[in-house]
Amino acid sequence: MICLCAPAMAQTPIPPDVLRTSEQAAALVSAGQQEAYHNVMAAYAREEKARPNDAGLVLARCHFIQTFTYSEEIDWTDAAQDDFQACKKDLQARFPDDAEANLFIAEQMGGKEAIAFARTLLPASAHWTLQQRAKLHGILARGYTVTKQTDFAGQEALASVQMDPASDQLVTALRYLASVGRTGEAEALLTKTPVDASIWKEWSRVSFAADSLSPSAALAELERATKKGEFTNWWVAARIYLRAGKTAEAAKALTHVGGCTCSETIQQYQTRLDVAVATSDGKAASTALQAWLTKTGMSMPLLFAYGSLLRHDPAQLFSPALVHLALGMLVLMLVLMYAPSLIAFPTYYRGIVRARLNKPTAPLFSGIGLRRMWIGLAIFLVASTVVPFLGGGSPLQSWMTSKVLSSDEQAAIVAIQLATLLVGGALMAPIARHLSRRDWLGDRGMITALVVVALWALVKAWGVWAAWHSGHLSAAVRSSLHDRMIATLALAFVHMGGPAFALLVIAVAVPVYEELIFRGCVLGGLTRHISFGWANVCQALLFAVLHNDTPHFVFYFLLGLLGGWLARRTRGLAAPIALHAANNAIACAAILLGG
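Described below are features of the structure shown in this document. (Residues numbered from 1 in each chain as written. Predicted model: local features only at pLDDT ≥ 70, side-chain atom pairs only at ≥ 80, totals over all residues. Heavy atoms only, no water.)

It is worth spelling out the state of the cysteines at this point. Overall, the coordinates contain one disulfide when judged by the stated rule. Disulfide pairing places Cys 62 opposite Cys 87 at an S-S distance of 2.0 Å. Taking the sign of the S-S torsion, about -100° here, the bridge from Cys 62 to Cys 87 comes out left-handed. One end of the pair, Cys 62, is in helix H3 (residues 55-66); the other, Cys 87, is in helix H4 (residues 77-94), with 25 residues separating them in the sequence. Accessibility expressed as a relative area gives 0% for Cys 87, which makes it buried. (Disulfide = S-S within 2.5 Å. Helix = DSSP H or I, 4+ residues; strand = E, 2+ residues; numbered from the N terminus. Buried < 20%, exposed > 50% of the residue type's maximum accessible area, 1.4 Å probe, protein only.)

Using the criterion set out here, one finds 21 aromatic pairs in the structure. Their ring planes at 70° and their centres at 5.4 Å tell us that Tyr 37 and Phe 68 sit as a pair that is edge-to-face. Here the residue Tyr 37 occupies a position in helix H2 (residues 22-50), and Phe 68 occupies one in the loop between H3 and H4, the gap between them amounting to 31 residues. Phe 68 sits in the partly exposed class, given a relative accessible area of 23%. Ring geometry for Phe 345 versus Trp 374: centroids 5.7 Å apart, planes at 85°, classification edge-to-face. Placement of Phe 345 in helix H19 (residues 341-356) and of Trp 374 in helix H20 (residues 370-391) is noted, with a sequence separation of 29 residues between them. The exposure class assigned to Phe 345 is partly exposed, which follows from its relative accessible area of 46%. Through successive ring pairs, a cluster of aromatic residues spans Phe 380, Trp 456, Tyr 513, Phe 518, Phe 543, Phe 555 and Tyr 556. (Phe/Tyr/Trp six-rings, centres within 6.5 Å; stacked < 30°, edge-to-face > 60°.)

Let us now look at helix H22 (residues 407-432). The terminal C-alpha atoms of H22, which comprises 26 residues, lie 35 Å apart, in line with the 38 Å expected from a rise of 1.5 Å per residue. The largest bend along H22 measures about 30° and falls at Ala 426, with the proline Pro 430 one to four residues further on. Residues of H22 that are buried: Glu 409, Gln 410, Ile 413, Val 414, Ile 416, Thr 420, Leu 421, Gly 424, Met 428, Ile 431 and Ala 432. The secondary structure elements touched by the buried residues of H22 are helix H13 (234-243), H20, helix H21 (394-400), helix H23 (437-441), helix H26 (481-497) and helix H27 (499-526). (Expected span 1.5 Å × (residues − 1). Bend = angle between axes of the 7 residues up to and from the residue. Contact = heavy atoms within 4.5 Å.)

Here it is in structure tokens:
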């Protein structure tokens, strides 16, 4: 039996000069600890000599040594670290087939080294206990996390949690499930997993649920956590209560954090504002916005928050305390209205040069020039900004960060998108009337257009089928932030009105509106002054940039180029609308399949 106590030593008088020097006095204690450490190591050696095949005993020695390898209170950590390295080598050499020994060694590694070693253990792990196998998959999950292979990390974390609900990889597994659209599975997994014994780890689960799961699931986890007492993150609690419709509880939660806003984050300012708006407390909302502005200056999230306040309390537009925000929004609107000049002026002067060089241009649509191009593009930019400003707020922020939306948030997002289309469409109606029936339908090249649209649709449909057949469709339709936002929007439309409603908006209304803007106004206006080739490239670049999806920039650019070519080939908008509609319809179907 091993005695972990240092032997009793006779007390030796300590010289006064040592007592007067704290470093020397501390060194005496460190030396005494080192002597006790060597005594225990000698005891381990005697015991291991008596029991040479006991892997658990060697493993215990390694754990014992590890205790002293990173201590900042002793000056002999280097010796302990050398002992630790020797113990690991001894363990690996003497017990290469022992599960616990291998797991311990793997835990000391990191990144690629941990992944490579852990993967060599996978075949043998088939005969291990579930807890041991769970620990191995947890090691792989941590390794993949370090190397930023998030999908692999999530899959390994999920395997670990499914084998052992007490695994520390739960949040990684939940994050993976939510990222690939399997939110229902994530919520079910969280529900059946016992509350973590560590209140800090439990609140990391609550925070994840608040940001990435449904309001009901987040509320259920919050209630489980609060039963443990002790630590409570009142900001997270307020957000959860607010999303769940419990306004009074959210306001009560904020009373625990006090009224000082000097060190709050943007999310906390947003929470204060949302609670103030929900409780119709205009003064508190104004105070939160002022503090937010003071700390961060003018920003898009702040303007979104201001717009949300104006929607609930229009009188705040004339609040002297918020005049900076009113001016900021006015400046933004002016910038958006005049932004098309960055295209219009160079195009106009290029057209003058071409005319002097006797290089006439052939306008795509006789009723569309640079003035209507400017107006149409300005309408698109302003409507796409002002309507979300006034109707967005917290639901819009949740949507833009790919959080799971509650029913109320889904309704708000659907209303914002419909209002944007209706306002933009109404403002575009006078321009649309300048397009003749031929300009809309086209009068040539219909068979070619039909073949091109069919080929595009077939290629895209084949890609969707391949992703679905391989089981990666959910991940494919959420491969970027833009894709996740569109997927969330499509599912919100389905939730509010069914699949037909989603298709009507996404595959009919949106293509008509965007083609009128980009292939009608922008391409039509540019071709009056520059060659079709340059005009098509410019409008396709603009189309891709305004979709704000860098990973798929080339895809949107090619879609814009092809739409512009079809508009010229057919001399109408029907063909590019059909291409856009087919593309969106297949994308919408893929989202519903991967739902």
